[in-house]
Amino acid sequence: FLKSLKKKEMICGYAEILKHAIIKDKNFFKWLKLNTKFIFLFDKKKLIYAIQKSCKIKLSFVNKDVDEKNIRMILNFGHTFVHAIEVKNNYSKNITHGEAVLAGMILATKLSLVKGICNKKVLNDLTDIYLKNDLNYTLNKYNNIKEINKLIPYLKNDKKNNDERINFILLKKIGKTTEP
């Protein structure tokens, strides 16, 4: 079944796998840095491991917070930007949810760096995995401050916001985010 998917669809699934490693498991992130190329080459053993590991991470958050009121919100890392990107692009097929997730995670990490929550090495580790696996095309548009500024009105209207505040889950280090 997985071999029948187009590359864009594989990237969608991979984006979620990568997100789970970033928010919860530094060792899994290190494993992905070494093995992502094999996942995209459909190495059955590595692909199955990545999917199982990712599902276990997601399940750990869901089981701890079934009503999505607290810790489960960490699964939204990068998604405030993702939703803005998707709405701004009218949910166009030109950018998939997974591609928006990849862009959103980098933008959230850059915001984490600007706010002094993480250091430059965290951002470099993340961008390195994109570069080594030809995923950096998802970021190109958002290397421009004008394009990022165009997202602001959409960030303000995100469904996860409370009152007038924009809610971001930010990254402290690989495997650790800010609290919701």
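Sequence order as written defines the numbering, with residues in each chain counted from 1. Reporting of local features is limited, given that this is a predicted model, to residues whose pLDDT is at least 70; pairs of side-chain atoms are given and counted only at 80 or more, and all residues count toward the totals for whole chains, interfaces and linings. Side-chain descriptors were evaluated using all non-hydrogen atoms of the structure, hydrogens and water having been removed beforehand.

### Points about a positive patch on the surface
In step 1: The residues that make up patches have over 30% relative accessible area and no salt bridge, and they are joined within 9 Å when like-charged or within 5 Å when they are Val, Leu, Ile, Met, Phe, Trp or Tyr. Values of accessible area rely on a 1.4 Å probe in the Shrake-Rupley scheme; residue burial ignores everything except the protein chains shown. Counted as salt bridges are all cases of a side-chain nitrogen of Lys or Arg within 4 Å of a carboxyl oxygen of Asp or Glu. Charge convention: Lys and Arg are scored as positive, Asp and Glu as negative, and His as well as the terminal groups of each chain are ignored. Taken as the charge centre is NZ of Lys, CZ of Arg, CG of Asp or CD of Glu, depending on the residue. There is a patch of like positive charges on the surface, built from Lys26, Lys30, Lys172 and Lys173.
In step 2: Contributions of two or more residues to the positive patch are made by helix 2 (26-40) and strand 1 (171-173).
In step 3: Looking at the element boundaries, Lys172 is found in strand 1. Numbered from the N terminus, helices here are DSSP runs of H or I no shorter than four residues, and strands are runs of E no shorter than two.

### Describing the environment of Lys30
In step 1: As for its placement among the helices and strands, Lys30 is situated in helix 2.
In step 2: Burial status follows relative accessibility: with a 1.4 Å probe on protein chains alone, a residue under 20% of its type maximum counts as buried, one over 50% as exposed, and anything between as partly exposed. With a relative accessible area of 45%, Lys30 lands in the partly exposed category.
In step 3: Considering only alpha carbons, one finds Lys30 and Ile174, 144 residues apart in sequence, at a separation of 9.4 Å.

### Details of the packing of aromatic side chains
In step 1: Two rings from Phe, Tyr or Trp (for Trp, the six-membered ring) form a pair when their centres are within 6.5 Å of each other. A pair whose planes differ by under 30 degrees is stacked, one over 60 is edge-to-face, and the rest are tilted. One pass over the structure, following the stated rule, counts 5 aromatic pairs.
In step 2: A centroid spacing of 5.2 Å and a plane angle of 35° characterise the contact between Phe81 and Phe168, whose relative ring orientation is tilted. Of this pair, Phe81 sits in helix 4 (residues 79-88) while Phe168 sits in the loop between helix 8 (152-156) and strand 1, and the two are 87 residues apart along the sequence.
In step 3: Residue Phe81 is classed as buried on the basis of its relative accessible area of 6%.
In step 4: The class of Phe168 is partly exposed, set by a relative accessible area of 24%.

### Focus on helix 1 (residues 7-24)
In step 1: Given the number of residues in a helix, its expected span is that number minus one, multiplied by 1.5 Å. Between the first and last C-alpha of helix 1 there are 26 Å, a value that for 18 residues agrees with the 26 Å anticipated at 1.5 Å per step.
In step 2: Counting buried residues in helix 1 gives 13 out of 18 residues, a clear majority hidden from the surface.

### Let's talk about the pattern of salt bridges
In step 1: In this structure the tally under the stated criterion is 10 salt bridges.
In step 2: Lys33 is the salt-bridge partner of Asp128, the closest N and O atoms lying 3.6 Å from each other. Taken as a pair, Asp128 in helix 6 (residues 120-132) and Lys33 in helix 2 lie far apart in primary sequence, 95 residues in all.
In step 3: Since its relative accessible area comes to 23%, Asp128 is described here as partly exposed.
In step 4: For Lys176, the salt bridge is made with Glu179, and the minimal N-O distance between the two is 3.7 Å.

### Regarding the nonpolar core
In step 1: Only buried residues count toward a nonpolar core, which is a set of Ala, Val, Leu, Ile, Met, Phe, Trp, Tyr and Cys residues joined through side-chain atoms within 4.5 Å. With 49 residues, the main nonpolar core has Leu18, Leu32 and Tyr130 as its most contacted residues.
In step 2: For this core, the secondary structure elements donating two or more residues are helix 1, helix 2, helix 3 (44-64), helix 4, helix 5 (97-114) and helix 6.
In step 3: Here the element with the most residues in this core is helix 1; it accounts for 9 residues.
In step 4: By definition in these notes, contact holds between two residues if any of their heavy atoms fall within 4.5 Å. If we ignore the near neighbours within four places in the chain, the residues touching Tyr130 are Leu18, Leu102, Met105, Ile106, Leu135, Asn136, Thr138 and Leu139.

### Here's the deal with unusual backbone geometry
In step 1: If you check the backbone angles, Asn90 has positive phi at about 50° while not being a glycine.
In step 2: Considering the arrangement of structural elements, one finds Asn90 in the loop between helix 4 and helix 5.
In step 3: Unlike most non-glycine residues, Asp134 shows phi in positive territory, near 55°.
In step 4: In this structure, Asp134 sits in the loop between helix 6 and helix 7 (145-149).

### Topic: the confidence of the model for the chain
Do not read the fine detail of predicted coordinates wherever pLDDT is low.
In step 1: Looking at any residue, its pLDDT shows the predictor's confidence there, from 0 to 100. Looking at the chain as a whole, its pLDDT mean stands at 91, while 96% of the residues score no less than 70.
In step 2: Helix 8 is the least confidently modelled element of the chain, averaging 83 in pLDDT, while strand 1 averages 97, the highest of any element.

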